[in-house]
Amino acid sequence: MSRLLLTFLALIFLTAPALAQDQLNGLPPRAAPTAHVQVQQLAIVDATPKFDPALATKAYLGRVNGAARARSDAYFEGGYWLMLVDLGWTLAISGLLLWLGISGRIRDWADARSEGRAARTLIYVAAYVVIVTVAQFPLTLYEGYFREHHYGLSNQDFTAWLSDTGISTALTFVATLILVPLLYAAIRRAKENWWLWGAGLIIVFQVLVAVIYPIFIAPLFNHYTPLPDSPLKTQILSLARANDIPADNVWVMDESRQSNRISANVSGFLGTTRISLNDNLLKQCTPDEILAVLGHEMGHYVMGHVLRDLLLSGLLIVLAFAFIHWGFLFAVERFGGQWQVRGMNDIAGLPLLVALASLFFFLATPLSNSITRTAEHQADIFGLDAVRKPDAFATVMLKLSTYRKLEPSKWEEIIFFDHPSGRTRVMDAMIWKKEHIRDVDIRDTVSPQ
Ligand SMILES: [Zn+2]
């Protein structure tokens, strides 16, 4: 989905796929219980290979250095500033619409064009989305096209990029035309309790998006074809059966249309289980690395992260609406006259709702990232246990460093990372390796020191 959508609805729309993959768990399992059993059983074997997880991690991280490391750090750290720029841009657009009285004038213009309340709301919303889309286009162009090309992450020419952006803009337009009138209907019906209804509406919408995304939306951007029969496909399906994932095919998605990022996915909601991986993963990674990635993705599926994340992001949305309700009343009491915004049920206040939602989700970034990141950590551990290829897992993590900083500080990781950093993930893999070092399949992977 496009990054141009800093409007209120798009913000929530955008958090859906990200949050829909993760869960929060206070006690991430560091070492699988089986490790202890195996250690005890095999303690009599004295020829234990020497293995230091910290040294092994350092050696892996040292493989990405010089210009590659600098570029990866610069790309990711630039993203921190862009979050601030995005927020400032959205607040500026909302501020101009309110302080210059433009929002009030659009409302009056819409009122003059129709008798029906629903039609007037629709006319306002349509005008609002067009204005905001145009005003955000320079930022969308920079973030989505020029910056991605500058860092060598995009494969798209301008026409193809514009076409994808057009599709996601159209989808946002339609979603906004449906959701905002429903939201204002809730405001009129439920009065002070509107924010609970509003939150419920967005949560239901997120579930709907999670269900229809793989079937109706993803194919608008990419083609899916079955992975031809191969030893790798047999291994993937065997891994799926071993983890009780009811899939009988593996799909390949042509991500290389857009970028050279690697990814895979095991999706399934309401009975449509699907294992997919992208062509970049196939081209850039070894079979062991591909299995390591799919082990992680199967972890998300088996641990039910989609559902739990919908619940957790639902809680965040309820908090967001409570904040918006409070912030709206506070601001309109002071400035409503100057903005020509008459109250909560006045559609001319929409830019204020959007500004407050943007501010909330900006401030909640460490929380939403931590919700996602903790689930990603669980999926990492699941994948290591299921696939038992810690070194392949580590080398894939290095490949992800093209767009994710490898070694952030502790707080940087907590605030800005929606996945564990490369260092954390390689270290997890190496700790797993040490704790399984006596197992025959792992012992043979340790070179004599
Ligand atoms: Zn994941």
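This structure is a prediction, so every number in the text was calculated from the model and none was measured.

## Some points on the coordination of the zinc ion
- Protein coordination at the zinc ion: the donors are His296 (NE2), His300 (NE2) and Glu376 (OE), at 1.9 to 2.1 Å from the metal.
- All donors to the zinc ion come from one chain, and their sequence spacing reads H-x3-H-x75-E. Taken as a pair, His296 in helix α11 (residues 287–302) and Glu376 in helix α14 (residues 365–387) lie far apart in primary sequence, 80 residues in all. As far as burial versus exposure is concerned, His296 and Glu376 are alike and both buried.

## Focus: the sheet that holds strand β4 (residues 274–278)
- Taken together, the 4 strands give an open sheet; going across it, the order is β1-β2-β4-β3, and neighbouring strands pair in mixed fashion. The outermost strands of the open sheet, each flanked by one partner alone, are β1 (224–226) and β3 (264–267). Within the sheet, the average angular offset between the axes of one strand and its neighbour, ignoring direction, is 30°.
- By the bridge criterion, 4 bridges tie strand β2 (residues 250–253) to β4 in an arrangement that is parallel. Directly across from Met253, in β4, lies its bridge partner Asn278.
- Packing of α11 onto the sheet brings it into contact with β3 and β4, and relative to β3 it is tilted by some 30°.

## A few points about the pattern of salt bridges
- Inspection of every chain in the model, using the stated rule, returns 18 salt bridges.
- In this structure, Asp441 engages Arg388 in a salt bridge whose closest nitrogen and oxygen atoms are separated by 2.8 Å. Note that Asp441 is positioned in helix α18 (residues 440–443) and Arg388 in the loop between α14 and α15 (390–399), a separation of 53 residues in sequence.
- Here the residues in one salt-bridge network are Arg107, Asp108, Arg342 and Asp346, joined through shared partners.

## Some points on the environment of Asp157
- By secondary structure assignment, the location of Asp157 is in the loop between α6 (117–150) and α7 (158–190).
- By relative accessible area, Asp157 is classed as partly exposed at 47%.
- For the pair formed by Asp157 and Arg257, sequence separation is 100 residues and the distance between their alpha carbons is 9.5 Å.

Conventions adopted
- Residues numbered from 1 in each chain as written.
- Predicted model: local features only at pLDDT ≥ 70, side-chain atom pairs only at ≥ 80, totals over all residues.
- Heavy atoms only, no water.
- Donors = N, O, S within 2.8 Å, 3.2 Å for Na, K, Ca; no water.
- Helix = DSSP H or I, 4+ residues; strand = E, 2+ residues; numbered from the N terminus.
- Buried < 20%, exposed > 50% of the residue type's maximum accessible area, 1.4 Å probe, protein only.
- Pairing = 2+ DSSP bridges.
- Axes fitted to C-alpha atoms, helices over the stretch in contact; angles between N-to-C directions.
- Contact = heavy atoms within 4.5 Å.
- Salt bridge = Lys/Arg side-chain N within 4 Å of Asp/Glu carboxyl O.

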